[in-house]
Amino acid sequence: MGTLSHAISPKLALPRRDSQRSYHGLPRLNSRPLRWNANRAAKKIRMSAGTSKRSPPIDFSNPDWKSKFQEDFETRFNIPHITDIFHDAVPIPSTFCLKMRTPVTEDFAGGYPSDEEWHGYINKNDRVLLKVIHYSSPTSAGAECIDPDCSWVEQWVHRAGPREKIYFRPEEVKAAIVTCGGLCPGLNDVIRQIVITLEIYGVKKIVGIPFGYRGFSDKELTEMPLSRKVVQNVHLSGGSLLGVSRGGPGISEIVDSLEERGINMLFVLGGNGTHAGANAIHNECRKRRMRVAVVGVPKTIDNDILLMDKTFGFDTAVEEAQRAINSAYIEAHSAYHGVGIVKLMGRSSGYIAMHASLASGQIDICLIPEVSFNLHGPHGVLSHLKYLIETKGSAVICVAEGAGQNFLQKTNAKDASGNIVFGDFGVHIQQEIRKCFKEIGVPVDVKYIDPTYMIRACRANASDGILCTVLGQNAVHGAFAGYSGITVGICNTHYVYLPIPEVISYPRLVDPNSRMWHRCLTSTGQPDFI
Ligand SMILES: Nc1ncnc2c1ncn2[C@@H]1O[C@H](COP(=O)(O)OP(=O)(O)OP(=O)(O)O)[C@@H](O)[C@H]1O
Ligand SMILES: O=P(O)(O)OC[C@H]1O[C@](O)(CO)[C@@H](O)[C@@H]1O
Ligand SMILES: [Mg+2]
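Description of the structure in this document. Just so we're clear, the structure is a prediction, and the values are computed from it rather than from any experiment.

Focus: the site of ligand 1
(1) Moving on: Taken together, 19 residues are adjacent to ligand 1, and Gly182, Arg246, Gly247, Thr274 and Ser417 come closest.
(2) Moving on: Between ligand 1 and the protein, one listed contact pairs an oxygen atom with a backbone N or O atom of glycine 247 at 2.5 Å.
(3) Moving on: With respect to ligand 1, the side chain of serine 417 contributes an N or O atom lying 2.6 Å from an oxygen atom.
(4) Moving on: Protein chains bury 92% of the 620 Å² of accessible surface belonging to ligand 1 in isolation.
(5) Moving on: With five residues, the single largest contributor to the shell around ligand 1 is helix H6 (residues 272-287).

Considerations on the state of the cysteines
(1) Moving on: Under the definition given, this model contains one disulfide.
(2) Moving on: Cysteine cysteine 491 remains unbridged, with the sulfur of cysteine 468 as its closest cysteine sulfur at 17 Å.
(3) Moving on: Residue cysteine 491 is classed as buried on the basis of its relative accessible area of 1%.

Things to note about the side chain of histidine 384
(1) Moving on: As for its position among the elements, histidine 384 is in helix H9 (residues 381-391).
(2) Moving on: Of the residues examined, histidine 384 reaches a relative accessible area of 11% and is grouped as buried.
(3) Moving on: When residues no more than four places from it in sequence are discounted, the contact partners of histidine 384 are Ile365, Gly525, Gln526, Pro527 and Phe529.

Remarks on the packing of H9 against helix H10 (residues 425-439)
(1) Moving on: For the pair H9 and H10, the least separation of the axes is 11 Å and the interaxial angle reads 65°. With respect to the hand of their crossing, H9 and H10 are arranged in right-handed fashion. Each of Val381, Leu382, Leu385, Lys386 and Ile389 in H9 lies in contact with H10, whose residues at this interface are Ile429, Glu432, Ile433, Cys436 and Phe437.
(2) Moving on: Split into classes, the residues belonging to the contact of H9 with H10 amount to eight nonpolar, no polar and two charged.

Thoughts on the pairing of strand E10 (residues 338-344)
On a regular strand, each side chain points to the face opposite its neighbour's, so the side chains alternate between the two faces of the sheet.
(1) Moving on: Within E10, seven of the seven residues are buried, leaving the element largely enclosed by the surrounding structure.
(2) Moving on: Judged by which residues are buried, E10 turns out to be covered on both faces: Gly338, Gly340, Val342 and Leu344 on one side and Val339, Ile341 and Lys343 on the other are all buried.
(3) Moving on: Here seven bridges tie E10 to strand E12 (residues 394-400), and the two strands are oriented parallel to one another. Opposite glycine 340, over in E12, you have valine 396 as the bridge partner.
(4) Moving on: Sheet topology places E10 next to strand E13 (residues 445-449); five bridges connect them, and they run parallel. Paired with isoleucine 341 across the bridge in E13 is tyrosine 448.

Looking at the site of ligand 2
(1) Moving on: Neighbouring ligand 2 are the residues Arg246, Ile301, Asp302, Met345, Gly346, Arg347, Glu401, Tyr453 and Arg456.
(2) Moving on: Aspartate 302 is positioned such that a nitrogen or oxygen atom in its side chain is 2.8 Å from an oxygen atom of ligand 2.
(3) Moving on: Side-chain polar atom of tyrosine 453 to an oxygen atom of ligand 2: 2.4 Å apart, as the coordinates give it.
(4) Moving on: For the shell around ligand 2, the class distribution of residues is three nonpolar, one polar and five charged.

Brief notes about unusual backbone geometry
(1) Moving on: Backbone geometry at phenylalanine 211 places phi at a positive 55°, although glycine is not the residue there.
(2) Moving on: Mapped onto the fold, phenylalanine 211 is located in the loop between strand E6 (205-209) and strand E7 (224-225).
(3) Moving on: Here phenylalanine 211 falls in the partly exposed class, since its relative accessible area comes to 39%.

Rules of the game
- Residues numbered from 1 in each chain as written.
- Chains lettered and ligands numbered in written order.
- Predicted model: local features only at pLDDT ≥ 70, side-chain atom pairs only at ≥ 80, totals over all residues.
- Heavy atoms only, no water.
- Near = heavy atom within 4 Å.
- Polar contact = N/O pair within 3.5 Å; in protein donor to acceptor, adjacent residues only side chain to side chain.
- Areas by Shrake-Rupley, 256 points an atom, 1.4 Å probe, with all protein chains shown as cover.
- Helix = DSSP H or I, 4+ residues; strand = E, 2+ residues; numbered from the N terminus.
- Disulfide = S-S within 2.5 Å.
- Buried < 20%, exposed > 50% of the residue type's maximum accessible area, 1.4 Å probe, protein only.
- Contact = heavy atoms within 4.5 Å.
- Axes fitted to C-alpha atoms, helices over the stretch in contact; angles between N-to-C directions.
- Left-handed = near helix turned anticlockwise from the far one by under 90°.
- Nonpolar A, V, L, I, M, F, W, Y, C, P; charged D, E, K, R; others polar.
- Pairing = 2+ DSSP bridges.

Take a look at the structure:
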């Protein structure tokens, strides 16, 4: 039996990060002005709404290209439904209604409760607009264009929420929740909402799978029965009630386990890797003609899932990072020629570092994996640092975990899930600063703060708490509506269902041409380090 990492389909393989790449087909900040070319256009099509092998190249000379693009888009963003396999599946009226605000304690012997007055359902044809800016030129900051004229092409995705008809009878449901990957603030909030919502539908058999996908194969680990009573206060602390892990069994072993346990609703909380696993589980269940709904809830402080405004836990991580940045600032500011360095998580995406720098207003230099830089030389980071020490007397640097890896020796070390383990660039830059200032005979007092796990082991803040609540509830609504192989998200402040492959075809990265990165540069005042 292969490991999960071996089970990845080529389509879902996450590409190597390449900080030189422009993720919208536009030049990097420091490159020459853009000139349109067909290759860029083709790349842009892929990048504007998630890469997919299913997207054929577009022939812009065809007057119908727009409608063809939209047709293709609709196919790609179609959300798999139980009736795709079980054509004769018959829905029943939803048991989620206003009369069901408390957990069901009795069987449905007398029939399903209904509420004629309840009109809070989402029509299955409701859609949310994925892109809301009409860029008039490909040179506009952050532009995501499809054709050379940046034509307006509407891209609609499925609106999330409770449906009037459901495809699972609550008394026949055994639901399981599993949390995989690293920790993230809000995991417990999502678990709690899933359990509470399942109970409102009338589900009685709800279990937690301990320690990620490993819990499906490790015979020492037993399912954790879940109920409103068990989860009532779990959101008050960080971590995961169920535990997390990386690595684990192969997909067929997991699906065997689902069959043995009689699980027909699986809620999977995790990042890119976990979602690749969830999609493979969904496909295997279909292959075996199992009536199972597999629904993901994207979890990552790195905010590296495509197409979403943000993922839960990100806000909290950024907020928690403020404490580290402020400490670094105080230390640097109070020392003679003080330099504070803060390293923040973000394996391939610099979102935490960028947002934490923006929020704090105390960062002079922000280094992220998506934007390459020199350390040495007249335009390098060290030269600017020297200028800051001369003019301000102190400086604070924020580095993302994945930044500057090209300066470090490659170890080829991988974690249990196959993710590359990075070297510590924070330590490296600290040493380089000391060395450089010693050479030029300028005293410098460097303090390095690495709050790593502190920013993700904490409890969710209020805004993440709300996001978790909505996502958890929508995950349950999606499963009952008969969808599988989907994940939940927030797009332009509205809640949506997306097919898993579209959100994980590559990790979402900070666009160096985006307004947000430009705002960060404006705020720090840092130059281009090239
Ligand atoms: N391509 C894949 N196909 C199937 N399963 C995978 C794949 N990649 C990772 N997994 C499994 O998903 C689980 C979590 O993966 P991983 O450790 O990469 O975390 P993640 O979900 O990406 O979250 P994080 O943001 O914390 O990294 C692991 O059990 C791993 O074996
Ligand atoms: O030490 P662990 O648990 O593998 O987690 C570290 C990783 O988790 C992440 O925060 C993703 O969740 C990455 O930024 C980081 O590299
Ligand atoms: Mg991952």
